[in-house]
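# Descriptive analysis of the structure
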Amino acid sequence: MEAGAHADHLAPRKPMLRFQPMAPRPTHPTAWLLAACCAVLWVAIILGGIAILVVYLAFRPRYPRLEIAGVTLNGAYLDAGTLLNADITILANFSNPNEKVDVSYSYMQLDLYFHGAMIATQAVEPFDEQRGQAVLRSVHMMSSQVPLTPAAAKAWSDGTMGQGVAMEVVGSFRTKSVLAGWMHYTYWLHRHCKIAVGAPPNGALLSSSCAAKR
Ligand SMILES: *[C@@H]1O[C@H](CO)[C@@H](O)[C@H](O)[C@H]1NC(C)=O
């Protein structure tokens, strides 16, 4: 009974409804195409995201490390009380802690700081590093007539006549890795190392600790 009542009720409306979809019909193919494109795009984005996540989890890339393996303060003197001249050799240990990822450096630079002021800088010849590999590089740094503040100059002369000097080495690298043969992974990396060096003429490394800073 109820079904019949519904049919009776709807019956007179049918001719009116039939005309409504006629008007927007010319735009339908474009709308369908747009919707299909959107759907394909979304599926591609989601699949791409999943692929990147899977590769990332499978390879677990880690940043390369910098450690200071040795330092020699060959010579240093203050000109006119505050102008620093120093000759320092740093033995830097660049290591790749990854088990599955090779790293290629395209730019490398070490900066040397004393009391917040840069006293020397040196570029390092770039190289490639395989998984688990550690590469040692001897980096010769020279300071020539670098002006220090009176407080820094006093700290330097006290240190070189006594227990040694504390300095900071900042390593900046542009590195690239390729994961699974297609996922290129390029980034800038900064490593900060605090070092303590004995007095010249053969000041050796007393202590060193490095941390990452992006
Ligand atoms: C260089 O660093 C690696 C990784 O930390 C370490 O195993 C190796 O002993 C270091 N080499 C030197 C000479 O310090």
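The structure reproduced in this document is the subject of the present report. (Residues numbered from 1 in each chain as written. Predicted model: local features only at pLDDT ≥ 70, side-chain atom pairs only at ≥ 80, totals over all residues. Heavy atoms only, no water.)

### What to know about the state of the cysteines
Short version of the rule: Disulfide: a pair of cysteine sulfur atoms within 2.5 Å of each other. A run of H or I in DSSP becomes a helix once it reaches four residues, and a run of E becomes a strand once it reaches two; helices and strands are each numbered from the N terminus.
The final tally for this structure, using the stated rule, is one disulfide. Between C193 and C210 runs a disulfide, and the two sulfur atoms are separated by 2.1 Å. The sign of the 110 degrees torsion about the S-S bond sets the C193-C210 disulfide as right-handed. Taken together, the residues C193 in strand β8 (residues 183-197) and C210 in strand β9 (residues 203-213) connect sequence positions 17 residues apart.

### Some points on a nonpolar patch on the surface
How we decide: The residues that make up patches have over 30% relative accessible area and no salt bridge, and they are joined within 9 Å when like-charged or within 5 Å when they are Val, Leu, Ile, Met, Phe, Trp or Tyr. Note that accessible areas follow from Shrake-Rupley with a 1.4 Å probe, and for residues the cover is restricted to the protein chains shown. Any carboxyl oxygen of Asp or Glu within 4 Å of a side-chain nitrogen of Lys or Arg constitutes a salt bridge here.
On the surface, L41, W42, V43, I45, I46, L47, I50 and V54 cluster together into a nonpolar patch covering about 830 Å² of accessible area. Here I50 shows up in helix α3 (residues 28-59).

### What about the pairing of strand β7 (residues 165-179)?
Along any regular strand, the residues point their side chains to alternate faces of the sheet. For clarity, the threshold we go by: What makes two strands pair is DSSP finding at least two bridges between them.
Bridge analysis of strand β3 (residues 103-114) against β7 gives nine bridges, and the strand direction is antiparallel. Residue Y107 lies in a different strand from β7, and its bridge partner there is R174. Across 15 bridges, β7 lies against β8 in antiparallel orientation. The residue bridging L179 from the neighbouring strand is M183, located in β8. Count of turn residues in the β7/β8 antiparallel hairpin: three residues, of which A180 carries a positive phi of about 55 degrees.

### With respect to the side chain of T160
Note the following rule: The classification of residues rests on relative accessible area computed with a 1.4 Å probe and restricted to protein chains. Under 20% of the type maximum is buried, over 50% is exposed, and intermediate values are partly exposed. Throughout this description, a polar contact denotes any pair of N or O atoms lying within 3.5 Å of each other; where both atoms belong to protein, one of them has to be capable of donating a hydrogen while the other can accept it, and for residues adjacent in sequence the pair is counted only when both atoms sit in side chains.
Here T160 lies in helix α4 (residues 150-161). Judged by relative accessible area, T160 falls into the buried class, the value being 16%. Within the structure, T160 has its side chain in polar contact with the backbone oxygen of S157 (distance 3.3 Å).

### Quick word on the site of the ligand
Rules: For this purpose, a residue is taken to be near a molecule or strand whenever a single non-hydrogen atom of the residue falls within 4 Å of it. Gly is placed with the polar residues, together with every amino acid not listed as nonpolar (Ala, Val, Leu, Ile, Met, Phe, Trp, Tyr, Cys and Pro) or charged (Asp, Glu, Lys and Arg).
Near the ligand, the surroundings consist of R65, E67, A69, N93, S95, A134 and L136. Between the ligand and E67 there is a distance of 2.9 Å, counted from an oxygen atom to a side-chain nitrogen or oxygen. Here N93 contributes a side-chain N or O atom positioned 2.4 Å from an oxygen atom of the ligand. In the complex, the protein chains occlude 47% of the 360 Å² of accessible area that the ligand would expose alone. Those elements that place two or more of their residues in the shell around the ligand are β1 (65-79), β2 (83-95) and β6 (134-147). With three residues, β1 is the largest single contributor of residues to the shell around the ligand. Here the residues of the shell around the ligand are counted per class, giving three nonpolar, two polar and two charged.

### Concerning the nonpolar core
Defined as follows: Buried Ala, Val, Leu, Ile, Met, Phe, Trp, Tyr and Cys residues that are joined via side-chain atoms within 4.5 Å together make up what is termed a nonpolar core. Two residues form a contact once any of their heavy atoms are found within 4.5 Å.
With 38 residues, the main nonpolar core has I90, F94, L110, L112, I119, W156 and M167 as its most contacted residues. Within the residue set of this core, elements represented by two or more residues are β1, β2, β3, β4 (117-123), β6, α4, β7 and β8. Excluding anything up to four places from it in sequence, I90 contacts I68, G70, V71, L110, L112, R137, S138, V139, M141 and V169.

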